[in-house]
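# Observations on the model geometry
Each chain, written out:
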Amino acid sequence: MNLTSVWNTVYPIIIAVLFFELIIIIHEGGHFVAARLMKIKVNEFSIGMGPKVFSFKKGETTYSLRWILFGGYCSMEGESEDSDEEGSFSKKRVAARIFVVAAGAVMNLILGFVIVLCIINTQDLVGTTTVARFDDNAVSYSSGLREGDKIINIDGMRIYTPTDVQTGLSRSADDTVEMVVERDGENVELNVAFLTETYESHQFISMDFWLLGTEKSFVSVISSSFNNFISYARMVFLSVHDIIVGRYGLSDLSGPVGAVSVVSDAVKTSMLSMLRIMALLTINVGLFNLFPIPALDGWRLFLLIAEGITRRKLPPKWEYIINAVGLALLLILMFFVTFSDITKLF
């Protein structure tokens, strides 16, 4: 194996790892900036985990770089326990604490929107949900779908973007979907059949038609970026729903190892594929962190909102126990998902 082939194998993994670290830096950076705006003392802002590579102190904050570039944190005074020190997180009003806790996830969502905006802006055309043409011998054409049909619903799911079309088709339970299309100003209901292909023991529809693109303008790029951002966010909630109802099991989940593998594969494919995966991942991280699950920001937001309504705080002892149990369960889940990711690689 020569150096070129080694580099071609290694560099996509490096890019994937650096992107994950970027997600974390953006997240923790959101907490950091919000804390500074609220005049909360930040004891340490760390890029990475584990032993320190180096660190320096500026003002009240220690800035550090650590060896394991797969994490990071923003440690605030009074964050995990009450503190009477000036600038303590625990002494700030509820609204200020909510702002600081939510800022990390919000920054991830902003990053996701920026990536989606880059995707739309680099394309020659802005995608629509109107059928432009079909592949040769397309089964969907034989089922009644026609050029010029604007797809507005797939199996009950409202369609706004080309991403929604792909999502709707991918979630079909078989090779036939119920579609509502707009044709000549009227809504037409169709049962459209497709060929299917199997990937990792799951059956997916093979899309055999192409969607129409329109000329770009400032308004269309911004509008399409916003709509696609919403589509990516909806994919996250649909995925959670599919796991809850049993459509997918734990073996179908991916942790850091699997996600790095997916991103590195996308890097090898094209810049566009890489950006799409990156947008989905950072939006996923932002939204997942807002879920009210113990040990996540969403749980802290839930407690802070409850405190703001009831004017009472959950006793620190119980908050610690709940967070510890939640963290333990997340670590156990992460262990099984990571083990599954590793077995898939081999």
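Placed above this text is the structure.
A few points on the structure. (Residues numbered from 1 in each chain as written. Predicted model: local features only at pLDDT ≥ 70, side-chain atom pairs only at ≥ 80, totals over all residues. Heavy atoms only, no water.)

### Overview of unusual backbone geometry
Despite not being glycine, Asn 137 has its phi angle at roughly 55°, a positive value. As for its position among the elements, Asn 137 is in the loop between β3 (126-134) and α3 (139-142). Of note, Ala 295 is a non-glycine position whose phi angle comes to about 85°, a positive value. Turning to its location among the elements, Ala 295 is positioned in the loop between α7 (271-288) and α8 (297-310). The partly exposed category is assigned to Ala 295, whose relative accessible area is 35%. (Helix = DSSP H or I, 4+ residues; strand = E, 2+ residues; numbered from the N terminus. Buried < 20%, exposed > 50% of the residue type's maximum accessible area, 1.4 Å probe, protein only.)

### A few points about the layout of surface pockets
For the second largest pocket, the calculated volume is near 260 Å³. Around the second largest pocket, the lining comprises 18 residues; the ones closest to its centre are Gly 127, Thr 128, Thr 129, Tyr 160 and Asn 227. The greatest single-element share of the lining of the second largest pocket, amounting to five residues, is contributed by β3. When its residues are assigned to classes, the lining of the second largest pocket shows six nonpolar, ten polar and two charged. (1 Å grid on protein atoms, 1.4 Å probe; cavity = no way out; pocket = protein on both sides within 12 Å on 5 of 7 lines; lining within 4 Å. Points joined across faces, edges and corners; volume = space filled by probe spheres on them. Nonpolar A, V, L, I, M, F, W, Y, C, P; charged D, E, K, R; others polar.)

### Looking at the nonpolar core
Core analysis: the largest hydrophobic core is formed by 25 residues, its most contacted members being Ile 115 and Ile 283. Broken down by secondary-structure element, the contributors of at least two residues to this core are α1 (3-37), α2 (94-122), α5 (218-244), α6 (256-269) and α7. Of all the elements, α7 adds the most residues to this core, at seven residues. Setting aside its immediate chain neighbours within four residues, Ile 115 contacts Phe 19, Leu 275, Met 278, Ala 279 and Thr 282. (Core = buried A, V, L, I, M, F, W, Y, C linked by side-chain atoms within 4.5 Å. Contact = heavy atoms within 4.5 Å.)

### Let's talk about the pairing of strand β4 (residues 150-154)
Two faces make up the sheet, and in a regular strand the side chains alternate between them. Judged by how many residues are buried, β4 sits mostly within the fold: four of five residues are covered. Taken together, the four bridges between β4 and strand β6 (residues 176-183) define a ladder with antiparallel strand orientation. Along β6, the bridge assignment pairs Ile 151 with Val 181. As judged from the two bridges shared by β4 and strand β5 (residues 157-158), these two strands associate in the antiparallel manner. When the sheet's bridge partners are listed, Asn 153 is paired in β5 with Arg 158. (Pairing = 2+ DSSP bridges.)

### With respect to α2
In this model, α2 (29 residues) spans 42 Å end to end at C-alpha, consistent with the 42 Å of a helix rising 1.5 Å per residue. A maximum bend of about 40° is found in α2 at Ala 103. (Expected span 1.5 Å × (residues − 1). Bend = angle between axes of the 7 residues up to and from the residue.)

### Brief notes about the packing of aromatic side chains
Here the structure, examined in full by the defined rule, presents twelve aromatic pairs. On the numbers, 5.4 Å between centres and 55° between planes, the contact of Phe 32 with Phe 45 is tilted. In this pair, Phe 32 is assigned in helix α1 and Phe 45 in strand β1 (residues 42-58), connecting sequence segments 13 residues apart. Phe 45 matches Phe 32 in its accessibility class, with the two residues each being buried. Both rings, one in Phe 56 and one in Tyr 63, keep their centres 5.3 Å apart while their planes meet at 20°; by these two values the pair is stacked. (Phe/Tyr/Trp six-rings, centres within 6.5 Å; stacked < 30°, edge-to-face > 60°.)

### Things to note about the packing of α2 against α5
Two elements in contact, α2 and α5, have axes separated by 9 Å at closest approach and are oriented at 130°. Regarding the angle of α2 to α5, the classification is oblique. Note on packing geometry: the crossing formed by α2 with α5 is right-handed. When α2 is examined against α5, the residues Leu 109, Gly 112, Phe 113, Val 116, Leu 117, Ile 119, Ile 120 and Asn 121 are found in contact with a partner set consisting of Val 221, Ile 222, Ser 224, Ser 225, Phe 226, Asn 228, Phe 229 and Tyr 232. (Axes fitted to C-alpha atoms, helices over the stretch in contact; angles between N-to-C directions. Parallel < 35°, antiparallel > 145°, perpendicular 65-115°, else oblique. Left-handed = near helix turned anticlockwise from the far one by under 90°.)

### Topic: a nonpolar patch on the surface
The grouping of Leu 314, Trp 318, Tyr 320, Ile 321, Val 325, Leu 329, Ile 332, Phe 335 and Phe 336 at the surface amounts to a nonpolar patch, some 950 Å² of accessible area in total. If you trace the backbone, Phe 335 turns up in helix α9 (residues 316-345). Taking relative accessible area as the criterion, Phe 335 reaches 55% and is therefore assigned exposed. (Patch = residues over 30% accessible without salt bridge, like charges linked within 9 Å, V, L, I, M, F, W, Y side chains within 5 Å. Areas by Shrake-Rupley, 256 points an atom, 1.4 Å probe, with all protein chains shown as cover. Salt bridge = Lys/Arg side-chain N within 4 Å of Asp/Glu carboxyl O.)

Read these as geometric descriptors, not functional statements.
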